[in-house]
Amino acid sequence: MTGSTSMISGNNRLLPTLALLLLAPLAWCAAPERQTLQGLLTDLARPAPSSTPFVEAHFSPLLARPLVVAGTLEYLGPGKLARTVQAPYHERSEIDGDEATVARAGEPARRFSLARAPQMQTLVASFAGLLSGNAATLERNFTLDLHGDASHWLLGLVPLNPQVRAAIRSIAVSGSGSQPRCLTTFQANDDTTILLLDRAARAPRPAAPDRAWFETQCQGRNR
Amino acid sequence: MRCAPPAARFGVAIAVAWIGLLLLLGGYVFTRLRLSGDLRLFLPTPRTRTERLILEEVSAGPASRLLMVALGGAGTEPLAGTSRRLAAALRSDSTFRLVANGENLLSTIPDTLLPYRYLLSPTLDHERLDASFLHRELTAREQDLASPASGLLEPWLPRDPTLEILKVLESWEPQREPRLLDGVWFNGRGDAALLIVETAAPAFDPRAQRVAIDALRRHFLAARATPAIRLTVTGPGAFSVLMQHRSEADARLAGFLDTAGMLVLMLLAYRSPLRVALGALPLVTGGVAALATVTALFGTVHGITIAFGFTLIGVAIDYPIFLFSHQAPGVTGAAAAQAIWPTLAIAVAGLAIAYLAFLLSGVPGLIQLACFNVAGVATAGLATRYLLPRLLPTGSRDFGRAALAGRLAALWAGAPRMVWLGPVLAAASVAALVLAPGPFWQNDLGQLTPVPQARLIQYDTLRRELGAPDVRYLMTVAGATADQVLAEEEHLSGGLQSLVARGSISGFDDAARYLPSASTQERRRAALPEESELRASLDQALRGTAFRPGVFEPFLKDVARARQLPPLTLARLAGTPLELSVGSLLLARGGRWTGLVTFADVRDREALERLAASSGGGAAQLIDLKEASENLIAQQRVRILWSVAAAAALLVAVVYAALRSPLRTLRVLAPMALTTLAILAVLHAAGVALNLFHLVSLVLAAGLGLDYGLFYERTLHDPRGRRRTLHALLVCATAACMVFAVLASSTLPVLRSIGVTVVMGVVGNFALALLMIRPDPERPAAS
């Protein structure tokens, strides 16, 4: 598509990116016990800059097979995130405050505003909550529920705002210790995005990984 | 009093009948008169098609209807939220036609227009919908789906895998967009959110503009995120509201000050409340008669005509003053009126003739003003002669004996005869007129209703930030049909795009940008493949992509529909948001069509001229609105000057016919002529460029000078009568100075220029009449 900026507004895909960036920077050994939400958030919070590899699969009713991309996610400081796709093609997206740019090799960079859809604003703010380790901010925007134990936890986020919920049904973040492993976004239009992070992203994958493979990786039980 | 009872009863009957007549006329005016706020009445009457276009473009064109809105005083987030809410509220208000704040609203494209995307997008000019093109596009769509942009694009893919609708929307976007923050337009510093609003009403209708701006403020108050957010509205419409508001406020204050001042002055001069009340009667009668006349002749009268007209016929307060001051003790009002009537009649006739000049000016507002003043002045004069004397008690006081008049008479008698005064003053004035630098005439249309400088700067800054069209340059493209204009514009667009690339202009806008010509649309439609062919290409293109076969059925259906579509025309756009964009750039006038091409930031005017000259058959023409309107004003002034010259000649003839002596005529007219020349010299030397309102004021000052000259000259050889005349002229001149000094202190430059000019005229005429109208030395004053 030739540099069209304007309508790329309510892009739901960013959230995972964001979230992940926020959460990602951690590649760290597990600490003992964290059953409480606040405890988990405190451990997830990380200073910038940091980066982590990722593998992301996008599932859609339009697609016969998932679109899989791999690359690096970077947290560059407050409000600054970057997502670089290295395979199967090159693309770099950056988020700086309110503005996002997507640049693909051989095409002019496309610039657009995160906030063309109001729900983005809320979501971005909320993920800031995740990064900052502040449970109160998150709870203003999401219904949160935490399952599992320190070795395998699962944090569910359901948007409270019905407008946001019209685009994103829920988000699930799983991981162990202070290390998030996978972030799954369930969109209202039946698309699903599974984002594998760090160690999960480094795992060898088959030539044509299917949904089952991604879900297994996400759960990380059979590590 | 001393009046006999029957006479008194007669007087009462006359007073009752008079006031009754005034009330009747007043009632007529009240029920019939419609006030207009349309400032175009004071613009020249267009005589050619181009002139009409220019005036319409200046006063009612799309650029003039734009209001630029800035929201400041808070952070990005609350400002952007306020901008979005405000824009949504304005879009649902029929007072506004277009609202833009940077948000791109896909939903504003009606579903019926969607299949037209293949006829509107330039893609098919250089591509074919074949397997290789589709495969490239589908691969790009896969990457889009896996990118942060997927959320919004995905719903469109089955219907529009080549994203044609995006390409169409992009081509409609302004070429130079303001900075986007939080999804809406912001200024360069990022501290104010910007919006452009087009009002349905033209800029030069201050009343409708006020309604629009009030509505805008109301929506703003409802939309703003915090009370700290401030709203700034600028643009021609906002200016006309500001000017209207200020001129009303100034007029109210001036009216109050003048009335109070006149009451005090009249009481001091005549020491009789009855005379003060009677003195107002001719003026009121003249005013009502003037209103009734313009009501009967025009029906709709401009508010400025009335405000300005009342100022000008205020001169008629002089008539009862002449009558009162000249009424010697024991003389009845009727006798006094009869005695001064020959002189008063010339004064009235002279002033009326001066105003008749404006009938020939070709400016509708001035024609109304002329009728208003001729009717008002003539009625006030006749009322002073025939009605007022019947109500006036017999004279009991010799106003010629008033201390001030006496002192002035002594001063006058003792002043040296300065025979050299006239020639020297005339020579000095001519020298100043010739030697002082600077333009003599004000040709800038914008200066006629001048806006404070700070507001203009604010306007200019915002216009630049928003990339709003340049208000000075405009290209017109003529054609017999709308489609011919569109085709010619398409022809020009290559040249315009290269001018953008070279930086000669930073953008342009024309109807063809939104609506291609029928032949272009037909060519693109012919390039659309048949359904079976497209299906085969698509199947081939899908090979090797992740897309599920069959998801693009809606695309196949839309293309099949587009192959059957008749080209989109202006008529078929009715009811869509595009109708407004295209309609304001494509105008039908008397069976012919004119397309307007507007520019942003014209930096190379010659390049535009060369481009226009290269158009087929001279269809395109670059118009410099500033230059064109200046030419119009200059032409208009030539007509006004000719009519003023004709009026001056007529005036000399009337005075000569009445006085029957070249010497006396010269004596009466010389002070007035010299004063006029001297005012012109002073204004020019002070660097003031003259405008229409200066001319009107000069005529008014000359009318006053004529009064002074005639009455002075009348009592040249009658010392006692001369003192009464001096008393009358003192009261008249003081009254006029007072009224126009109030105007001179107005905040509005137009009113200020009138006030200053007339005050100079009153002082000059009074002093020069005093100094120059003297008894001949060889003929000593009659005993």
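Remember, predicted model here, so these are calculated numbers, not experimental data.

## Here we look at the overall build of chain A
Part 1: If you tally the helices and strands in chain A, you get seven helices and 11 strands.
Part 2: A separation of at least 24 residues holds for 49% of the contacts in chain A among residues at least 6 apart in sequence.

## A few points about the overall build of chain B
Part 1: Along chain B, the regular secondary structure elements total 30 helices and 13 strands.
Part 2: The burial tally for chain B puts 49% of its 783 residues in the buried class.
Part 3: Partitioning the contacts of chain B with sequence separation of at least 6, the portion at a separation of at least 24 is 83%.

## Details of unusual backbone geometry
Note: most peptide bonds trans; most residues except glycine with negative phi.
Part 1: Cis peptide bonds are those with omega within 30 degrees of zero, and the linkage from Ala87 of chain A to Pro88 of chain A qualifies with 5°.
Part 2: Relative to the helices and strands, Pro88 of chain A resides in the loop between β3 (80-87) and β4 (91-96).
Part 3: Although it is not a glycine, Leu163 of chain B sits at a positive phi angle of roughly 55°.
Part 4: Examined against the element boundaries, Leu163 of chain B turns out to sit in the loop between α7 (150-153) and α8 (164-172).

## As for the pairing of β3 of chain A
Residues and elements named next belong to chain A.
Part 1: In terms of strand pairing, β3 meets β4 through six bridges, oriented antiparallel. Residue pairing for β4: Arg83 is matched across the bridge by Ser93.
Part 2: Turn length for the β3-β4 hairpin, with the two strands adjacent in sequence and antiparallel, is three residues.

## Considering the packing of helix α11 (residues 273-298) of chain B against helix α12 (residues 303-313) of chain B
All names here are of chain B.
Part 1: Orientation of α11 relative to α12, taken along the N-to-C sense of each, is 145°, at an axis distance of 11 Å. Two packed elements cross with a definite hand, and for α11 against α12 that hand is right-handed. Here Gly286, Gly287, Ala290 and Val294 of α11 come into contact with α12, specifically with Thr305, Gly309, Phe310 and Ile313.
Part 2: In terms of residue class, the contact of α11 with α12 is made up of four nonpolar, four polar and no charged.

## Let's talk about the environment of Ala352 of chain B
Residue and element names in this part refer to chain B.
Part 1: In this structure, Ala352 sits in helix α14 (residues 333-356).
Part 2: Residue class for Ala352 comes out partly exposed when judged on the 19 C-beta atoms lying within 10 Å of it.
Part 3: Separated by 24 residues in the primary sequence, Ala352 and Gly376 have C-alpha atoms spaced 9.1 Å apart.
Part 4: Residues in contact with Ala352, not counting those within four places in the same chain, are Val374, Val377 and Ala378.

## Considerations on the environment of Pro566 of chain B
Part 1: For Pro566 of chain B, the location among the structural elements is in the loop between α23 (553-564) and α24 (577-583).
Part 2: Once the C-alpha coordinates of Pro566 of chain B and Gln521 of chain B are considered, the two residues, 45 residues apart in sequence, prove to be 8.8 Å apart.

## Observations regarding the confidence of the model for chain B
Residues and elements named next belong to chain B.
Part 1: Of the residues in chain B, 92% have a pLDDT of 70 or more, and the chain-wide mean is 84.
Part 2: The secondary-structure element of chain B with the lowest mean pLDDT is helix α2 (residues 49-60), recorded at 67, while helix α22 (residues 531-542) shows the highest, at 95.
Part 3: Between residues 779-783, whose pLDDT stays under 50, and residues either more than four places distant or in other chains, the model counts five contacts.
Part 4: Across the assembled chains, the prediction reports ipTM 0.80 with pTM 0.66.

## Here we look at the nonpolar core
A general feature of soluble globular proteins is that nonpolar side chains tend to end up buried together.
Part 1: Ranked by size, the top nonpolar core spans 120 residues in total, and within it Ala354, Val699 and Val762 of chain B carry the most contacts.
Part 2: Taken together, domain 1 (1-32 + 272-397) and domain 2 (404-435 + 661-783) of chain B each give at least three residues to this core, which thus spans both.
Part 3: Dropping the residues within four chain positions of it, Val699 of chain B is found in contact with Ala354, Ala357 and Val644 of chain B.
Part 4: Membership of the second largest hydrophobic core comes to 107 residues, among which are Ala82 of chain A together with Leu119, Leu538 and Ala600 of chain B.

## A closer look at the pairing of strand β6 (residues 192-199) of chain B
Residues and elements named next belong to chain B.
Part 1: In terms of burial, β6 is largely enclosed, as eight of its eight residues are buried.
Part 2: Neither face of β6 is exposed, since Ala192, Leu194, Ile196 and Glu198 on one face and Ala193, Leu195, Val197 and Thr199 on the opposite face are all buried.
Part 3: As defined by bridge partners, strand β2 (residues 66-72) adjoins β6 across seven bridges and the pair is classed as antiparallel. In the strand pairing of β6, Ala70 is matched with Leu194.
Part 4: As paired elements, strand β3 (residues 96-100) and β6 share four bridges and run antiparallel to each other. By the bridge assignment for β6, Leu98 is matched with Glu198.

## Digging into the confidence of the model for chain A
All names here are of chain A.
Part 1: Residues with a pLDDT of 70 or more make up 68% of chain A, whose mean pLDDT is 73.
Part 2: Here helix α1 (residues 14-23) stands out as the least confident element of chain A, with mean pLDDT 43; helix α7 (residues 211-219) is the most confident, with 89.
Part 3: Below a pLDDT of 50 lies the segment residues 1-34, which in the model reaches 130 contacts outside its immediate sequence neighbourhood of four places, other chains included.
Part 4: Contacts from residues 117-121, a stretch scored under 50 in pLDDT, to residues over four places away or in other chains number 12 contacts.

## Some points on the packing of helix α28 (residues 692-714) of chain B against helix α29 (residues 719-744) of chain B
All names here are of chain B.
Part 1: Following both chains from N to C, one finds α28 and α29 inclined at 170°, their axes separated by 10 Å at the closest point. Taken together, α28 and α29 sit at an angle that is classed as roughly antiparallel. Across the interface between the two elements, Leu704, Asp707, Tyr708, Phe711, Tyr712 and Arg714 from α28 touch Thr725, Ala728, Leu729, Cys732 and Ala736 from α29.

The rules we used
- Residues numbered from 1 in each chain as written.
- Chains lettered and ligands numbered in written order.
- Predicted model: local features only at pLDDT ≥ 70, side-chain atom pairs only at ≥ 80, totals over all residues.
- Helix = DSSP H or I, 4+ residues; strand = E, 2+ residues; numbered from the N terminus.
- Contact = placed C-beta atoms within 7 Å.
- Buried ≥ 20, exposed ≤ 12 C-beta atoms within 10 Å, placed from the backbone.
- Pairing = 2+ DSSP bridges.
- Axes fitted to C-alpha atoms, helices over the stretch in contact; angles between N-to-C directions.
- Left-handed = near helix turned anticlockwise from the far one by under 90°.
- Nonpolar A, V, L, I, M, F, W, Y, C, P; charged D, E, K, R; others polar.
- pLDDT = per-residue confidence, 0-100.
- Core = buried A, V, L, I, M, F, W, Y, C linked by C-beta atoms within 7 Å.
- Domains from an automatic or database assignment.
- Parallel < 35°, antiparallel > 145°, perpendicular 65-115°, else oblique.

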